[in-house]
Amino acid sequence: MSSDAKEETTVLGLSVGDKAILFAGIPALGALFGLCLPWVAERVSEVRWLPGGGPLRLIAAHQGFWTTAGLCALGLLLGLCFGAYAVHVSLRVVLTDSSLRAVRAGRERCIARSQVETVFLDDKQLVVLDRESRQLLREPTETRRADMARAFSAHGYPWVKGDPYAGLYHRWVPDSPDLPPAVNALLKARQIALEKKAEQETAELRDEVERLGYVVRDRSKRQYWRPLVRS
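Structural notes, computed from the coordinates. (Residues numbered from 1 in each chain as written. Predicted model: local features only at pLDDT ≥ 70, side-chain atom pairs only at ≥ 80, totals over all residues. Heavy atoms only, no water.)

The next thing to look at is the overall build of the protein chain. Summing up its helical and strand segments, the protein chain has six helices and 11 strands in all. Expressed as a percentage of its 231 residues, the buried residues of the protein chain come to 38%. In the protein chain, 57% of the contacts between residues at least 6 apart in sequence involve partners at least 24 apart. (Helix = DSSP H or I, 4+ residues; strand = E, 2+ residues; numbered from the N terminus. Buried < 20%, exposed > 50% of the residue type's maximum accessible area, 1.4 Å probe, protein only. Contact = heavy atoms within 4.5 Å.)

Moving on: helix α4 (residues 145–154). Residues of α4 that are buried: Met-148, Ala-151 and Phe-152. Seen end-on, α4 carries its buried residues on one side only, within an arc spanning 95 degrees. Exposed and oriented more than 90 degrees from the buried face of α4 are Arg-150 and Ala-154. The elements touched by buried residues of α4 are β2 (8–12), β3 (92–95), β4 (99–104), β6 (118–122) and β7 (125–129). Residue Gly-156 follows α4 closely and has a positive phi angle near 85 degrees. (Arc of directions from axis to C-beta.)

What follows covers the packing of helix α5 (residues 181–195) against helix α6 (residues 199–211). For the pair α5 and α6, interaxial distance at closest approach is 9 Å and the crossing angle is 165 degrees. By the angle class used here, α5 and α6 are roughly antiparallel. In the crossing of α5 with α6, the sense of the turn from one axis to the other is left-handed. The residues of α6 that touch α5, namely those facing Val-183, Leu-186, Leu-187, Ala-189, Arg-190, Ala-193 and Leu-194, are Glu-201, Thr-202, Leu-205, Arg-206, Glu-208 and Val-209. For the contact of α5 with α6, the per-class residue count stands at eight nonpolar, one polar and four charged. (Axes fitted to C-alpha atoms, helices over the stretch in contact; angles between N-to-C directions. Parallel < 35°, antiparallel > 145°, perpendicular 65-115°, else oblique. Left-handed = near helix turned anticlockwise from the far one by under 90°. Nonpolar A, V, L, I, M, F, W, Y, C, P; charged D, E, K, R; others polar.)

Right, let's talk about the sheet that holds strand β8 (residues 135–140) for a bit. Pairing in this open sheet of three strands is antiparallel, and the strands run β6-β7-β8 from one edge to the other. Of all strands in the sheet, those with a lone pairing partner are β6 and β8, marking the two edges. The mean angle between the axes of side-by-side strands here comes to 15 degrees, regardless of whether they run parallel or antiparallel. (Pairing = 2+ DSSP bridges.)

Judged by nonpolar contacts, the single largest core of 19 residues is most densely connected at Val-93, Leu-95, Leu-100, Val-119, Leu-126, Val-128 and Phe-152. Among the elements of the structure, β3, β4, β6, β7, β8 and α4 are those that each provide at least two residues to this core. Sort the elements by how many residues they give to this core and α4 lands first, with three residues. Excluding anything up to four places from it in sequence, Phe-152 contacts Leu-12, Val-93, Leu-95, Leu-100, Val-119, Leu-126, Tyr-157 and Trp-159. Of all hydrophobic cores here, the second largest spans 11 residues; its members include Trp-172, Val-183, Leu-187 and Val-209. (Core = buried A, V, L, I, M, F, W, Y, C linked by side-chain atoms within 4.5 Å.)

Attention shifts here to the packing of aromatic side chains. The final tally for this structure, using the stated rule, is four aromatic pairs. An aromatic cluster of at least three residues, connected via ring pairs, comprises Phe-152, Tyr-157 and Trp-159. Looking at Arg-113, its charged tip hangs above the ring of Tyr-157, at a distance of 5.2 Å from the centre. Here Arg-217 stacks its cationic end above the ring of Tyr-169, 4.0 Å away from the centre of that ring. (Phe/Tyr/Trp six-rings, centres within 6.5 Å; stacked < 30°, edge-to-face > 60°. Lys NZ or Arg CZ within 6 Å of the ring centre and 35° of its normal.)

A few words on a nonpolar patch on the surface. Residues Phe-23, Leu-76, Leu-80 and Val-87 make up a contiguous nonpolar surface patch of about 290 Å² in total accessible area. Broken down by element, the nonpolar patch gets its largest block of residues, three residues, from helix α3 (residues 65–89). By the secondary structure assignment, Leu-76 is in helix α3. (Patch = residues over 30% accessible without salt bridge, like charges linked within 9 Å, V, L, I, M, F, W, Y side chains within 5 Å. Areas by Shrake-Rupley, 256 points an atom, 1.4 Å probe, with all protein chains shown as cover. Salt bridge = Lys/Arg side-chain N within 4 Å of Asp/Glu carboxyl O.)

This is how it looks when you write it as structure tokens:
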């Protein structure tokens, strides 16, 4: 936690230990794998009947210092790329008493404290609701629940232990008679995006559904909906 001349700020996201694993541990394992690969390739090359052993036999046929060094460097580079990607897709939340800023996968959302009615973790997703129970934010997070609760509470946000509207959700089925045709159409398109793992499209369609007065959440690629609850 740090402070400046105006507001105290708390940053939630990957811990120092998580980043050490991503940018030191995993690249080191990648380099070690590259170091061991020629030895593995040599053993595999002796097993003639093994299917798919072509690339390993190629490595075995070109063993030497530069081959091993190149494989180590490649393993290290792949590990660093994985670490950079993991940081890119992880949620980072910057909290002050007056606002929160959430950044993930190149997308940023700023929310004023005055808009926030409820904050909670739904499974491993951080959810921020407004006074009409609209989802201002729903993003996966790696931050521990206790750390999240402590930080939001310290800045005066209304943190609760679970979704206060959990009992209002219904599983969506195509052409549900309980929903307007426009909402069914959006949920049908969203189901396709969900199965394709098109995350940005899924989020955009979720916002479209909310504009029509309904909230949607996902469980194992199944959609559940509820109406907005206006105070």
